[in-house]
Amino acid sequence: MGKRKAEKYGGAVGGEKARGQAGMGAQGWQAFLERIFFAPIGSAWLGAFRLLWGLCLTYETCGYLSHHFAKLRSAVLTSHPVRYYALTWLPLCSLQSMQIISCVLFGLSICIALGFFSRTSTALFALLFPWLAFYEASLYLNHIYLTAVISLALACLPTGASISLDSVLFPKISRQRYISRWTLILLQGLLLIVYTHAGLAKINEDWLRGEPLRHWLPKRAHIYGPIMLQESLAYAMSYIGLVYDLVAVPLLMIPQTRTLGVLLNITFHCTNKLIFSIGIFPLIMCSALTIFFPPSQAEHAQASLERMVGTPLRVSHQKPKLKGRITVKQGIVILLLCTFLAGQALYPLRHYMYEGDVAWNEYGHLLSWRMKLRDKTCNAKRVFLRDPETGAKSNGMRALERLYSTRQRRTAWSRPDQLAQMAHTLADSFTNRTSGVRPEVHMDIVCQLNFRPLAQFTDPKQDMAGWPAFQWPYPWLMPEPKLPAHLEADYPWNFEWTFSWLTTFPECHFRDNHELLGVDRNVY
């Protein structure tokens, strides 16, 4: 009897201990997640980034206002805008309405930089800017997409907590010395995704053989001197750019390498800005350095600024204490944060779902951080319409010239989804209203990708209007040409390394590119 009671009570005590350990394990995970995502950090870094970000936006939106809204005129003054997938529902806008939106965005940019009504300004900018930026697909640029993504992220953050007019004018509402750590994770995660995908995209057979930089750099020789003519520079920039993109964020996040990361960041982006015309992307990336320094450094800088101006820019209160558990609201924040970052990380990989080279077929090329990776020159040899009943053919090029601007046509020759839209517009425009007969649309287009031999891009025998505009892969798109054997010699591992270049630089075994000067190409 005594033995049974001992076993009974021993088992009860063991069960209580096991349940206690399970409870402690759950609490331990909650405490860990709270430390990772909700540990209080100073808000001065976010105020500094918002200030620099607002200045970048002011510079960008000023470009829409300059030269009497020249950029907007090329996008709006056409009867048939080229659309993005899933954005065909956007209504047609007049030039006057786009000018008003541009002026509003310019004003919001200034408000963001000053921290004036920060929440409202960032939210309105995040809503209006994509409408302006994604109205016309022929004007797509990666830095425009990056601007839209970061604007959306900042609309969810307390950007007016520090170094802002809000914190001075409305201290009880806006001043906030400490914010949760997930705000920093969000922005650092976005930058990590951008840099990583940019580096992975460079691991392709053209970039590794020095293209297209081998042909691009000599065109800058009249500005930067004969060094631009050396093929060795093209290889150096190609491989250094690849490696840097992959290690940029880790260098900035590790304290021991942060100084090196900052110097490389500034050098890399200033070089790109000077050599290539790439908009505000270098300015954004240099401004983003503020999110990689310890928040305490921004706090010290803010304190020094307060002493200089004699005005408190933040409120002093005790640092919030962690509770050791996750509330429902915090759990929702973690879920939304992880979902957003996972979506941003996975979406650029969608091109792996299709066969072929994404630089050729464009399936998944947009919104994928594939920046300055290709030179794609295309030419439309013929565009004609064919009556399916009589077989009669008519010239379609003149009709395209009436329906679309020069920029739209020049950009579309290399982008299948835009070609498909133009084909459907042509077919709809020439459909017989009486009989309802819709003509076939055929295009004979050839392309040269990264200075490979010219190849057929579209099949002129296929009716391009007989296939849905946004349903790819397209049956009328020809497969990309394989890299010719003689171009495989451009890979560094196929060189005959005699090391004579140690004493004869720059007259080394690399080819000289003098003959490339004066070549006129359209780079898309």
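Structure: see above.
Residues numbered from 1 in each chain as written. Predicted model: local features only at pLDDT ≥ 70, side-chain atom pairs only at ≥ 80, totals over all residues. Heavy atoms only, no water.

Chemist: Can you help me understand the packing of helix α8 (residues 182-201) against helix α15 (residues 328-346) in this one?
Modeler: The axes of two packed helices give the description: the angle between them and the distance between them. It is at 10 Å that the axes of α8 and α15 come closest, and there the two elements cross at 10 degrees. When the axis of α8 is compared with that of α15, the two are roughly parallel. Across the interface between the two elements, Trp 182, Ile 185, Leu 186, Gly 189, Leu 190, Ile 193 and His 197 of α8 pack against Val 333, Leu 337, Phe 340, Leu 341, Gln 344 and Ala 345 of α15. Classifying every residue of the contact of α8 with α15 by side-chain character gives 10 nonpolar, 3 polar and no charged. (Axes fitted to C-alpha atoms, helices over the stretch in contact; angles between N-to-C directions. Helix = DSSP H or I, 4+ residues; strand = E, 2+ residues; numbered from the N terminus. Parallel < 35°, antiparallel > 145°, perpendicular 65-115°, else oblique. Contact = heavy atoms within 4.5 Å. Nonpolar A, V, L, I, M, F, W, Y, C, P; charged D, E, K, R; others polar.)

Chemist: It is not clear to me how the packing of helix α3 (residues 95-114) against helix α4 (residues 118-133) should be interpreted in this structure. Could you clarify?
Modeler: At a minimum axis separation of 10 Å, α3 and α4 run at an interaxial angle of 145 degrees. When you trace α3 past α4, the crossing you get is left-handed. Taking contact as the criterion, the partners of Met 98, Ile 101, Ser 102, Val 104, Leu 105, Leu 108, Ser 109, Cys 111 and Ile 112 in α3 are, on α4, Ser 121, Thr 122, Leu 124, Phe 125, Leu 128, Phe 129, Trp 131 and Leu 132. Class assignment of the residues belonging to the contact of α3 with α4 gives a composition of 13 nonpolar, 4 polar and no charged. (Left-handed = near helix turned anticlockwise from the far one by under 90°.)

Chemist: Mind showing me how you'd approach the sheet that holds strand β5 (residues 440-449) here?
Modeler: With respect to topology, 4 strands assemble into an open sheet ordered β4-β3-β5-β6, the strand pairing being antiparallel. Taken across any chain shown, the strands that pair with only one partner, and hence form the sheet edges, are β4 (393-395) and β6 (455-456). In the packing of helix α19 (residues 416-429) onto the sheet, contacts are made with β3 (376-386) and β5, and the angle to β5 comes to roughly 155 degrees. (Pairing = 2+ DSSP bridges.)

Chemist: Would you explain the layout of surface pockets in this entry?
Modeler: Gaps left between atoms are located by rolling a probe of water-molecule size over the structure's atoms. What the second largest pocket holds in volume is close to 750 Å³. Elements supplying a minimum of two residues to the lining of the second largest pocket: α4, α5 (142-154), α15 and α19. Of the residues assigned to the lining of the second largest pocket, the class counts are 23 nonpolar, 4 polar and 4 charged. (1 Å grid on protein atoms, 1.4 Å probe; cavity = no way out; pocket = protein on both sides within 12 Å on 5 of 7 lines; lining within 4 Å. Points joined across faces, edges and corners; volume = space filled by probe spheres on them.)

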